[in-house]
Amino acid sequence: MINQTACTEKQSLAAAQNLTIAEGFENPIGFYENSPTFSWILPNKDGIKSQFAYQIVVASDPDLLPDQPDLWDSKKQNTDQSTWIKYKGSTLKSRQKVYWQIRYWDQNGEASEWSTLQNFELGLLKNSDWNAKWVGLNTAKDSIRGRGNVLIHKPQYLRKEFKLSKTISSARLYITAKGVFDVSINGKNVSDDVMSPGFTTYDKRIETLTYDVTDLIESNHNTIGVELASGWHSGRLLWGITPWNNTISPKILCQLEINMTDGSKEIITSDNSWKGTTNGPIQFSEIYDGEIYNSNLEMPKWSQNSFDDKNWINVEVANLEDHIALEPKRHSTVKNKIALSPKEITKKNGTVIFDLKQNMVGVPKVKVPMKKGDTLEIRFAEMLSPDGSFYTKNYRSAKSTDYYIAAKDGFIEYMPKFTFHGFRYIELSGFDTSKEPTKDWATGIVQYSDFDDNGTFTSSNDKLNQLQSNIVWGLRGNFFDIPTDCPQRDERLGWTGDAQVFGPTSMFNADVYKFWASWLQSVKEAQFENGGIPWTVPDARGNKIGSSGWGDVCTIIPWKIYMRTGDRSILEENFEMMEEWLKYHKLKSKDNISNMMSFSDWLQPYPENGDNRGDTSLNLIGTAFYAHSAKLTSKSAAVLGRIEEQKKYEEIYKTVAKSFEKTFFNESGKVKAVTSTQTSYLLALAFDLLSEDKKENAKKFLLEEINNADDHLRTGFLGTPLLSEVLDETGETNMMYKLLFNETYPSWFYSINQGATTIWERWNSYSKEEGFNPQNMNSLNHYAYGAIGEWMYERIAGISPLEAGYKVIKIAPVPNTDYLTNASASLHTPFGMVSNSWKISNDQFKMETQIPPNTTAKIIIPKIGTEELAVNDQKLAAIKEIKLLSTGDDFIEIMVQPGTYNFLTPYNQDK
């Protein structure tokens, strides 16, 4: 029973908002976790500043809430915690639907209304919940060998008819595939998901999906229809060598559970009663190469009851494997998110080219006139060659072409189903040339994992705003179920190095906690027995070799997620993986100096050695990351209360750091290597690997390296994210501004000056003067260098977490009127919206800041002048919510409570 005293208290405050479970799920179906956490946001009104207490009630029936919770009643808990509160009630089971509500007490002890009723429904949590079998056709026996000697499987069409004699009350479809699928019931699509179930470590785990199909089931005759293609499981991947058996034919696993109004239940499973064919309209479908659709082979109503399947054959059946876990998908599926219309069309040599003016990832949706028997060819390119032809060399062996064969005259509509492309341009040929092309013939359907935007950034500089746009589009283009390196060529893999450098920036721009948490589970599952982490996750290589700076993703991303969310569970879940990775570091070291293989500072500009890995010593890089991962593991242990582990890994960090300093730096703080690099100093300073007497000199030597490069960066994938951090901490923010705003190669604005609408793989992937970079790898959608976004949000706009999860927020913009007169950002934190905007005009600095309830904020205001700071048109001392912390010649530091504040102070940068 609930606290009776609490029931008599006045309840006048507005209810809590944005109630979620786990990593941000709202009322999910098919949820993966039977012991979730609960979070909510206090409303930003009614004078609510903070939370004094909360109460959570959980029940198996909505009618039991809030007075009779039968699963859990937290009672009134006197704490300000409003995020990541662990469920401590009765054990929850597969299929169970759970209802919950919360209320809170504010800083004055006044209780809120109960929140609106929330719910979540669990999926099938373990293999024993499945009665179904793997089913499909043996497409391997009829397959041909494609590129990389990989079997090319024909897509399958599978169906099952069944009858019901009773009235249904509810129905759930549990389904997954070795491959990718689309499912219909009685001719109607079950969902709008794309390329389900997604890409995991298939030899360890396959994700399952749950759909509410109550409204699709008829009380008598029904049909389930499934389209099935190779996808990532059985299709070709870059190296074609995977830990899972990708030579077997794609298969589905399907279990339809129907509850009747009389309390009975019927289960329809995938078994030997299903039938299938490969003689449907999708004749070919591969991730890299595209799709062939022959409309002459369309089968009207094939997933409906009236269809005659007498010429279809019985499926083959296979049992579930004990070593492969079937678990509900723990992050959102890929969806069709945005539709881009062409801005220009050009006719060239019998083709028509549609320019979307934005590099994107997804598929085309075409509506074009055709003549019977003709084949429409749909090609893609990220850029055009100077002569206007398609530049596709950077796709390498990925054919990335779709075909549609017309069965009749007239306009056809087509959108590929089991492939995706990276492109800005769409080229059509094979259409009815008697018709004049129009822009509505083609649309770019942007596809990515179904997350929402989380932050915004804008400024007075158009190119900086374009850079922000490029970062966001790079994120959209490469968060396609996993964090890919690139979306267009014959690769599209989860490179761990790219992921670790871009993670923090992605967390600002998008609500991607569940996305990262799910991928980290794959990282953990892919970890080698000796603790190594593969280069790509899921592991498409299987070579059992790790790389420093790449494998360290397993310590870096969990810690970064924790700092931005405050959720300890991400550290708990991955702590053992961190420890095992440190064992691998030790295995690949002698006397604490790493000899681990490394991709090093990948794609450093102007490498003296001519190597893509750059000039920085791989031993230096490996040793630096060894120490850094030990430090992060120690910090994680401290958060988890593991004191012994904290001491152990802190000692490893200190020991390795000493060896690093002794081996790679001389007494003056200079790198011993013949070829010193910006990155060698950045690693030493960012990871705190030098004694105090060497740090100051190392900073000077770093600046010398930058000056010797004509004040330009010379950093690759690993060094670039550290540039802003180190220069900022060194007090060299003006230098960081200069590097950021450089227009010439290598710089962020250089690609923008060449027309980039996404982040490129190389600083010089293309130039208007020299054309395309001739190197084999030349992706024009590669998010790694977008890591600069973190500094843009945290230092230009000035929003960063001072305490994990933004419980304490730091607002500390660093303006520079040589480049900007204003900037602003907003961010959805676990506690609500925080925003900050500043503007400098007429020698005055104006800033408006919004701090959400249940947090506090330290605000550092740049103040150059003698007049007193004005806050909300009042003197500082008159605002009781503000505490003065310190002042200096050019700043004032205060601590504020939740609310909206307007600051005004004199500002003259030249002073």
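The structure under discussion appears in the preceding block.
Residues numbered from 1 in each chain as written. Predicted model: local features only at pLDDT ≥ 70, side-chain atom pairs only at ≥ 80, totals over all residues. Heavy atoms only, no water.

1. As for helix 9 (residues 643–664)
The terminal C-alpha atoms of helix 9, which comprises 22 residues, lie 31 Å apart, in line with the 32 Å expected from a rise of 1.5 Å per residue. Each element contacted by the buried residues of helix 9 is listed here: helix 7 (569–587), strand 42 (593–594), helix 8 (618–639), helix 10 (678–686) and helix 11 (692–708). (Helix = DSSP H or I, 4+ residues; strand = E, 2+ residues; numbered from the N terminus. Expected span 1.5 Å × (residues − 1). Contact = heavy atoms within 4.5 Å.)

2. Notes on the sheet that holds strand 17 (residues 188–189)
With antiparallel pairing, 6 strands are arranged side by side in an open sheet as 17-16-19-14-22-25. One side of each edge strand has no neighbouring strand; the edge strands of this open sheet are strand 17 and strand 25 (313–314). Pairing of strand 14 (residues 156–163) with strand 22 (residues 275–277), which is carried by 3 bridges, proceeds in the antiparallel orientation. Its bridge partner being in strand 22, Tyr 157 is matched across the sheet by Thr 277. (Pairing = 2+ DSSP bridges.)

3. Brief notes about the pattern of salt bridges
On inspection of all chains with the given rule, the structure shows 50 salt bridges. The shortest N-O distance in the salt bridge between Lys 329 and Glu 207 comes to 2.7 Å. Within this pair, whereas Lys 329 is found in the loop between strand 27 (325–328) and strand 28 (334–340), its partner Glu 207 is found in strand 18 (residues 205–212), the two being separated by 122 residues in sequence. For the residue pair Lys 329 and Glu 207, the accessibility class agrees, reading buried in each case. A cluster of three or more residues bridged by salt bridges with shared partners is formed by Arg 396, Asp 485, Arg 489, Asp 490, Glu 491 and Glu 761. (Salt bridge = Lys/Arg side-chain N within 4 Å of Asp/Glu carboxyl O. Buried < 20%, exposed > 50% of the residue type's maximum accessible area, 1.4 Å probe, protein only.)

4. Quick notes on the environment of Ser 12
As for its placement among the helices and strands, Ser 12 is situated in strand 1 (residues 11–13). As for Ser 12 and Asp 46, which are separated by 34 residues in sequence, their C-alpha atoms are 9.6 Å apart. Not counting residues up to four positions away in its chain, the partners in contact with Ser 12 are Glu 110 and Ala 111.

5. Points about the nonpolar core
Ranked by size, the top nonpolar core spans 203 residues in total, and within it Leu 428, Leu 467 and Leu 740 carry the most contacts. The element best represented in this core is helix 8, accounting for 10 residues. Apart from residues no more than four positions distant in its own chain, Leu 467 is found in contact with Leu 740, Trp 748, Phe 749, Ile 752, Ile 759, Ile 788 and Met 792. Within the second largest apolar cluster, 30 residues are counted, among which are Leu 137, Phe 181, Leu 228 and Ile 258. (Core = buried A, V, L, I, M, F, W, Y, C linked by side-chain atoms within 4.5 Å.)

6. Thoughts on the packing of aromatic side chains
Two aromatic rings are characterised by how far apart their centres lie and by the angle between their planes. Enumeration according to the criterion identifies 64 aromatic pairs in this entry. Both rings, one in Phe 479 and one in Phe 515, keep their centres 4.4 Å apart while their planes meet at 10°; by these two values the pair is stacked. Of the two residues, Phe 479 is situated in strand 39 (residues 479–480) and Phe 515 in helix 5 (residues 513–526); the sequence distance between them amounts to 36 residues. Geometry around Trp 105 places Lys 76 over its ring, the cationic atom sitting 4.5 Å from the centre. (Phe/Tyr/Trp six-rings, centres within 6.5 Å; stacked < 30°, edge-to-face > 60°. Lys NZ or Arg CZ within 6 Å of the ring centre and 35° of its normal.)

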